[in-house]
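Summary of structural features
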Amino acid sequence: MDLKQEHSFEIKWIRGNLDLEDPYHIRREVFMKEQNVPEEEEMDAADAVSWHVVLYENSKPVATGRIFKDGEVWLIGRIAVLKEYRGKQLGKLVVEKLLERAVELQAGEVHVHAQTYAAGFYEKLGFAAYGETFMESDIEHIGMLKKM
């Protein structure tokens, strides 16, 4: 676990499911409370094999995301920013950190299952949509890919 300071936010990496209290707090607020995703769908087996990034402001966890390898495919996901911290480019910073980790992990490409309303956000970060839209937790998603 390493801790870095950037843009007045602290950045912490957590490997596996050692201490997921902070990313789970953010994901509960964003996905479970705001978007009504059931806990059994939100907290999944991938958490145990993921690299989780958490951004902190004044020791408060405010944004998170994860990256993991599913077979031969690297996936980023669970990108979440607390409501009161949105509009400050924190989602972008989380994705940039995950992409940096992907390079370190020698991923040739990275996939994301993007909520369709967020596809433009990922396009600005170099992702391209592919395939048909699909439903996850009653929310429409699209597969997106970024070559590294």
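Structural notes on the pairing of strand 4 (residues 60-70)
Summarising burial for strand 4: 8 of the 11 residues are buried, a large majority. Examined bridge by bridge, strand 3 (residues 51-57) and strand 4 share 7 bridges and lie antiparallel to one another. Across the sheet, the residue bridging to Val53 is Gly65, located in strand 4. Between strand 3 and strand 4, which pair antiparallel and follow one another directly, the connecting turn spans 2 residues, one of which, Asn58, has a positive phi of 50 degrees. In this sheet, strand 5 (residues 73-81) lies alongside strand 4 in antiparallel orientation, the contact comprising 7 bridges. Considered in strand 5, the bridge of Thr64 is made with Ala80. What sits between the antiparallel neighbours strand 4 and strand 5 is a turn of 2 residues, in which Gly71 has the positive phi angle 70 degrees.

Some thoughts on helix 3 (residues 90-104)
Spanning 15 residues, helix 3 covers 21 Å between terminal C-alpha atoms, matching the ideal 21 Å at 1.5 Å per step. Turning to helix 3, its buried residues are Leu90, Gly91, Leu93, Val94, Val95, Lys97, Leu98, Leu99, Arg101 and Ala102. Just past helix 3, the residue Gln106 takes up positive phi, approximately 60 degrees.

Side note on the pattern of salt bridges
Tallying each qualifying case throughout the model produces 14 salt bridges. The salt bridge involving Glu29 is made with Lys33; its shortest N-O contact spans 2.8 Å. Of this pair, Glu29 and Lys33 are both found in helix 1 (residues 21-34), 4 residues apart, which corresponds to roughly one turn of the helix. Between Arg78 and Asp44 there is a salt bridge, with the nearest N and O atoms lying 2.9 Å from each other. Here Arg78 is found in strand 5, whereas its partner Asp44 is found in the loop between helix 2 (39-42) and strand 3, with 34 residues between them in sequence. Of the residues examined, Asp44 reaches a relative accessible area of 26% and is grouped as partly exposed. Residues joined in a network through salt bridges with shared partners are Arg27, Glu42, Asp44, Asp47, Arg66 and Arg78.

Cut-offs applied
Residues numbered from 1 in each chain as written. Predicted model: local features only at pLDDT ≥ 70, side-chain atom pairs only at ≥ 80, totals over all residues. Heavy atoms only, no water. Buried < 20%, exposed > 50% of the residue type's maximum accessible area, 1.4 Å probe, protein only. Helix = DSSP H or I, 4+ residues; strand = E, 2+ residues; numbered from the N terminus. Pairing = 2+ DSSP bridges. Expected span 1.5 Å × (residues − 1). Salt bridge = Lys/Arg side-chain N within 4 Å of Asp/Glu carboxyl O.

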